[in-house]
Amino acid sequence: MKNWIYKNYVVHHAESLDSTNLKAFEMAQNQQIFDREIVLADSQNAGRGRAQRVWISPKGNLYFSLVLCPKVLTSKVSQLSFVAIVALRLAIEDVFYCNKNLENKALVQNKWPNDLLVDGKKIAGILLESQNQGQDCKFVVLGIGVNIASNPLNTIFPATNLAEFGVKISAAELLKKFLDKFENIYQNWLDFGFANVRQSWLNAGYKYKEKISLKDGDDKILGIFQDLNDDGSLILKLESGELKNFTAVDLE
Ligand code: BTN
């Protein structure tokens, strides 16, 4: 692996890995990498998605895992994927809005729990894995995949990539833009908690306050996307008026 440094982040860059999350987790466990260090790969042979899904990872897209060691209780850890997706949204919005050659400015939204959409199609996802020590968080691995040059076809939810919108950016450049945004938002979260991130996430939340359908295995649950809980779970207002929390389901 080749190492490079960007601001206060160390990047460990490999051409190909099974999964940057797997590698970062092993290295963090073996005390080979620490807070604010990143494993970056040009491609992955066994990229992992949420809910044991596969993340198809050919060359040309961004695949990285950021290791963080925040001194927080494990109950706060799930908030970090919202911190990261807000930072990624701001980075991708910058890419669109700062590029004068792009005629069509795209709509960038967060889709619960931790996907990023451009014009209603998935462009990025986050897989958070962590290790705890009792009630305390030992380390977190925030794995992020962004479709830059290509996206898988025939996905459950439609997908897209940056090139489709005429955006030309390298994986390393996009990672740096993400880190520029992430540092401030992460620091704000460490200092003041979830409130700002939560609000910023909701402001660009896909179908927030709208009628949605949640898929839980073969079951479908209908209701209004009412709010986001402190643990990142979705609060659904059922037709009966009852409020119910959801964690491990898919928003359709
Ligand atoms: C999802 O939307 O299901 C989450 C996808 C997360 C993919 C990234 S790519 C970099 C990191 N390494 C992995 O194996 N997965 C994450």
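Look up: the structure comes first, before these words.
Residues numbered from 1 in each chain as written. Predicted model: local features only at pLDDT ≥ 70, side-chain atom pairs only at ≥ 80, totals over all residues. Heavy atoms only, no water.

(A) Spotlight on the overall build of the protein. Scanning the protein from terminus to terminus reveals 4 helices and 13 strands. On the principal axes, the C-alpha backbone points of the protein span a range of 55 × 50 × 35 Å. When the 252 residues of the protein are sorted by exposure, 50% land in the buried category. For the protein, long-range pairs separated by at least 24 residues make up 62% of all intrachain contacts whose partners lie at least 6 apart in sequence. Accessible area of the protein: about 12300 Å², with a carbon and sulfur share of 48%. The protein carries 29 positive and 29 negative side-chain charges, and their two centres are separated by 3 Å. (Helix = DSSP H or I, 4+ residues; strand = E, 2+ residues; numbered from the N terminus. Buried < 20%, exposed > 50% of the residue type's maximum accessible area, 1.4 Å probe, protein only. Contact = heavy atoms within 4.5 Å. Areas by Shrake-Rupley, 256 points an atom, 1.4 Å probe, with all protein chains shown as cover. Lys, Arg positive; Asp, Glu negative; His and termini not counted. Charge placed at Lys NZ, Arg CZ, Asp CG, Glu CD.)

(B) Molecular detail of the nonpolar core. With 65 residues, the main nonpolar core has I92, F178 and F182 as its most contacted residues. Top element by residues in this core is helix α2 (residues 79-97). It accounts for 11 residues. Not counting residues up to four positions away in its chain, the partners in contact with F178 are F64, L66, A84, A87, L88, A91 and I144. Core analysis: the next-biggest nonpolar cluster, separate from the first, contains 12 residues, F25, A28, I33 and V141 among them. (Core = buried A, V, L, I, M, F, W, Y, C linked by side-chain atoms within 4.5 Å.)

(C) Focus on helix α3 (residues 171-192). The end-to-end C-alpha distance of α3, which contains 22 residues, comes to 31 Å, matching closely the 32 Å that a straight helix rising 1.5 Å per residue would cover. Where α3 bends most, the angle comes to about 30 degrees, and this point is F182. Those residues of α3 that fall on the buried side of the exposure criterion are L174, L175, F178, L179, F182, E183, I185, Y186 and W189. (Expected span 1.5 Å × (residues − 1). Bend = angle between axes of the 7 residues up to and from the residue.)

(D) Molecular detail of the site of the ligand. Taken together, 20 residues form the shell around the ligand, and within it S19, Q44, R48, R50 and K122 come nearest. Note that a nitrogen atom of the ligand is positioned 3.0 Å from one of the side-chain N or O atoms of T20. One of the side-chain nitrogen or oxygen atoms of K122 is found 2.6 Å away from an oxygen atom of the ligand. When isolated, the ligand has an accessible area of 410 Å², and the protein chains bury 98% of it. Breaking the shell around the ligand down by element, the ones donating at least two residues are α1 (20-29), β4 (62-68), β7 (121-133) and β8 (136-146). Per-element tally for the shell around the ligand: the top contributor is β7, with 4 residues. Along the lines of polarity and charge, the residues of the shell around the ligand split into 6 nonpolar, 10 polar and 4 charged. (Near = heavy atom within 4 Å. Polar contact = N/O pair within 3.5 Å; in protein donor to acceptor, adjacent residues only side chain to side chain. Nonpolar A, V, L, I, M, F, W, Y, C, P; charged D, E, K, R; others polar.)

(E) Main features of the sheet that holds strand β13 (residues 250-251). Strand order in this open sheet of 5 strands is β12-β11-β10-β9-β13, and the pairing throughout is antiparallel. Both outer strands of the open sheet, β12 (243-246) and β13, are each paired with one neighbouring strand and no more. (Pairing = 2+ DSSP bridges.)

(F) Layout of the pairing of β12. The sheet contact formed by strand β11 (residues 234-237) and β12 spans 4 bridges and is antiparallel. Considered in β12, the bridge of L236 is made with K244.

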